[in-house]
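Understanding the architecture of this molecule
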Amino acid sequence: MTAEADADTASLRREIARARRRGWMRFLKRLFSHRSFQVGFALFSVIVLLALFADLVAPYDPNKNDYRNLLAPPSMLHLFGTDGFGRDIFSRVIHGTRISLGIGISVVVMTGLFGVVLGMLAGYVRWLDNALMRLMDGLMAFPGVLLAIALAAALGPSALNAVIALTITFTPRTARIVRSSVLVIRELPYVEAALAVGAGHARIIVRYILANALSPLIVQLTFVFAVSILAEAILSFLGVGPPPPAPSLGNIIAEGRSYLQDASWIAFFPGMAIAAAVLGLNLMGDGLRDVTDPRLASQRGAG
Amino acid sequence: MIGFLARRLLSALPVLLVVSLVSFVIIAIVPGDVTAEIAGADSTEAQRAEIRERLGLDKPMVEQALRWYGRLLQGDLGQSYLLNRPVTEAVLERLPVTLSLAGLALVMAVALGVLLGILAAIRHGTWLDQGSMSLALFGLSIPDFWFGLILIVVFSVQLGWLPTGGYVPASESIVGWARSMTLPALALAITQMGVVARMTRASMLEVMGEDYIRTARAKGMRRHVVIFKHALRNALIPIVTVVGVMTGVLLGGAVVIESVFSLPGVGRLIIGAIQRRDYPIIQGGLLITAATFVFVNILVDLAYGWLDPRVRNDG
């Protein structure tokens, strides 16, 4: 009898796994037929590839001075021109994109981690909720990137400190989003059913709550990625990001600021690179939101 | 309404507590010896000890915090290391510039954003819709400080229409003030314009699908009357809710824009203090800007409660 029951559960498991895979395929199919997502994904993929293979793609060493080619305007030799040290802007922008994406993805991972842990704790452990959320409210009371700027300034300019500063700045909103999903999901009948059949808290949190809180979280993290890239540029521009000569995009813009009159290309191209990366992420985020939240999709139409 | 105001003010207290605590901790996390920064690299240990004692840095952290809070409650944020004047005075003196920059940007963002949003909604599905929304998305995706530099290149360097930076107080010359604020406010407004445009469009499209709009059209009312008198009024309510959040983003963004356009606001004061490691100014600037933001949010909530009576009772 037990053998029979085992066989039943095994086949049921296979069935569930198959259904889950089908659900995933359907989701991906819908996602990739969404116009915004397609465009954003294509754009962002190109940028990621350029950044990954920066050493192969960049025609020059991003930090090599060339005193015979100072402030050369864009040409076939130097696609984006050169700066006051004769460094090739195209190569610097490609390497800068790598730094920006690296910092951005680190912030996304850290924010996701802390956001999930804090949001879960607040939503699941009632007595922690108030204290945690007041702390998050307090952190969100610092306007915009100001907290990140002050933190990065206090910690000292480096890529790691930029990641720490941005994570502290973006975690509160993410934690809040996770918390509100948890508050809704924990009241649903299937969580009650799981509790009734004796599932432990750990299992309920991971298998039932986290799994279902995932889509708003992923949408949020896509936007965190976009905002981190913008914020990193601000930190670098103000001199509290990765210090020069690191070719971070904000640093290149800051250097180009002194040459606005005669060599505006220095500041122009890194800004366009930031805009392209952020645009790609925003388009992907819009697509993800439409596909995971049907209520919003119907309002927004195909756009 | 009084009860609503009281509840709202009370709920701001824990927020202000966290804000002040974080502002205090900011200096504590500075790695290394702060006094070495103040006195210079070639200072003697005796000099540093003297500074430490003068600033109370030799006391335990809890005592420092208590003393800091004691003074804070009297409105005293300490002395700037380098400006030789009280932090509160230095920050408050510059607050009007930052507030007027953020205010002007808010007006621009809402005006342009609502315009784009309406355009997109009433021409839903046409190239105008797509064009407006592309513009909004582009605005959302570009770094605002970089847009400021581009504006300088185009309008100041190339065309010579507006100054590249600097500030003219409104009390000196209104025209000069407007000329000095136009480009910075526009640069600051670009991101939030995108946000407002997208929200306006979504909310217009939703409202235009409501029964009372169809009724108004069915009884023969003209389309533009329905759009502007019925739909827009209701579509704009959600915009009011985000004004608070937008003000925060704009106040934070002003920090960078001020340093791009050399405007003497709180932001530039903070950035200057960062470069010279004048931590009390960073701390005080941070605290006062955040407190301003908390206060603005209370005002926005009051305005919203006045517009939509349902909010008042929800607390």
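Note that the coordinates shown come from a computational prediction; the quantities given were computed from them, not determined experimentally.

1. Looking at the overall build of chain A
- Counting secondary structure elements, chain A contains 12 helices and zero strands.
- Starting at the N terminus and ending at the C terminus, chain A contains elements arranged as α-α-α-α-α-α-α-α-α-α-α-α.
- Along the first, second and third principal axes, the C-alpha atoms of chain A reach 85 × 40 × 40 Å.
- Counting every position in chain A, which comprises 303 residues, the buried fraction comes to 47%.

2. Brief notes about the confidence of the model for chain B
Residues and elements named next belong to chain B.
- Per-residue pLDDT for chain B has a mean of 84; in total, 96% of the residues score no lower than 70.
- The lowest-confidence element of chain B is helix α14 (residues 309-314), averaging 63 in pLDDT; the highest-confidence one is helix α5 (residues 87-122), averaging 91.
- With pTM at 0.88, the complex prediction returns an ipTM value of 0.86.

3. Quick look at unusual backbone geometry
- Put simply, Pro244(A) and Pro245(A) share a cis peptide bond, and its omega is 10°.
- Turning to its location among the elements, Pro245(A) is positioned in the loop between α9 (201-237) and α10 (249-257).
- With a phi close to 50°, Ser262(B) is a non-glycine residue in the positive phi region.
- Inspection of the secondary structure assignment puts Ser262(B) in the loop between α11 (237-260) and α12 (266-276).
- Its 14 C-beta neighbours within 10 Å are what place Ser262(B) among the partly exposed residues.

4. Here's the deal with the nonpolar core
- Core analysis: the biggest nonpolar cluster contains 172 residues, and Ala148(A), Ile149(A), Ala150(A), Ile234(A), Leu101(B), Ala105(B) and Ile282(B) have the highest contact counts within it.
- The dominant element in this core, judged by the number of residues it contributes, is α5(B), at 19 residues.
- Inspection of this core shows a minimum of three residues originating in each of domain 1 (2-87) and domain 2 (94-268 + 286-314) of chain B.
- Beyond its immediate sequence surroundings of up to four residues, Ile149(A) is in contact with Leu235(A), Leu238(A), Val240(A) and Val255(B).

5. A closer look at α12(B)
- The element α12(B) is extensively covered by neighbouring structure, given that eight of its 11 residues are classed as buried.
- Lining the buried residues of α12(B) we find α6 (146-155) of chain A together with α5, α11 and α13 (279-307) of chain B.
- At the exit of α12(B) stands Arg277(B), carrying a positive phi of roughly 55°.

6. Describing the interface of chain B and chain A
- Contacts between chain B and chain A engage 43 residues on the former and 40 residues on the latter.
- Looking at the side of chain B that touches chain A, the elements with two or more residues in it are α1 (2-28), α6 (127-141), α7 (144-158), α8 (174-208), α11, α12 and α13 of chain B.
- Looking at side-chain class alone, the side of chain B that touches chain A contains 35 nonpolar, seven polar and one charged residues.

7. Some points on the domain arrangement of chain B
Residues and elements named next belong to chain B.
- The domain boundaries assigned to chain B delineate domain 1 (2-87) and domain 2 (94-268 + 286-314).
- A C-alpha centroid distance of 35 Å is found between domain 1 and domain 2.
- Between domain 1 and domain 2, the residue contacts involve 12 residues of the former and 10 residues of the latter.
- For the side of domain 1 that touches domain 2, the class distribution of residues is nine nonpolar, two polar and one charged.

Here is what the cut-offs are and how they apply
- Residues numbered from 1 in each chain as written.
- Chains lettered and ligands numbered in written order.
- Predicted model: local features only at pLDDT ≥ 70, side-chain atom pairs only at ≥ 80, totals over all residues.
- Helix = DSSP H or I, 4+ residues; strand = E, 2+ residues; numbered from the N terminus.
- Buried ≥ 20, exposed ≤ 12 C-beta atoms within 10 Å, placed from the backbone.
- pLDDT = per-residue confidence, 0-100.
- Core = buried A, V, L, I, M, F, W, Y, C linked by C-beta atoms within 7 Å.
- Domains from an automatic or database assignment.
- Contact = placed C-beta atoms within 7 Å.
- Nonpolar A, V, L, I, M, F, W, Y, C, P; charged D, E, K, R; others polar.

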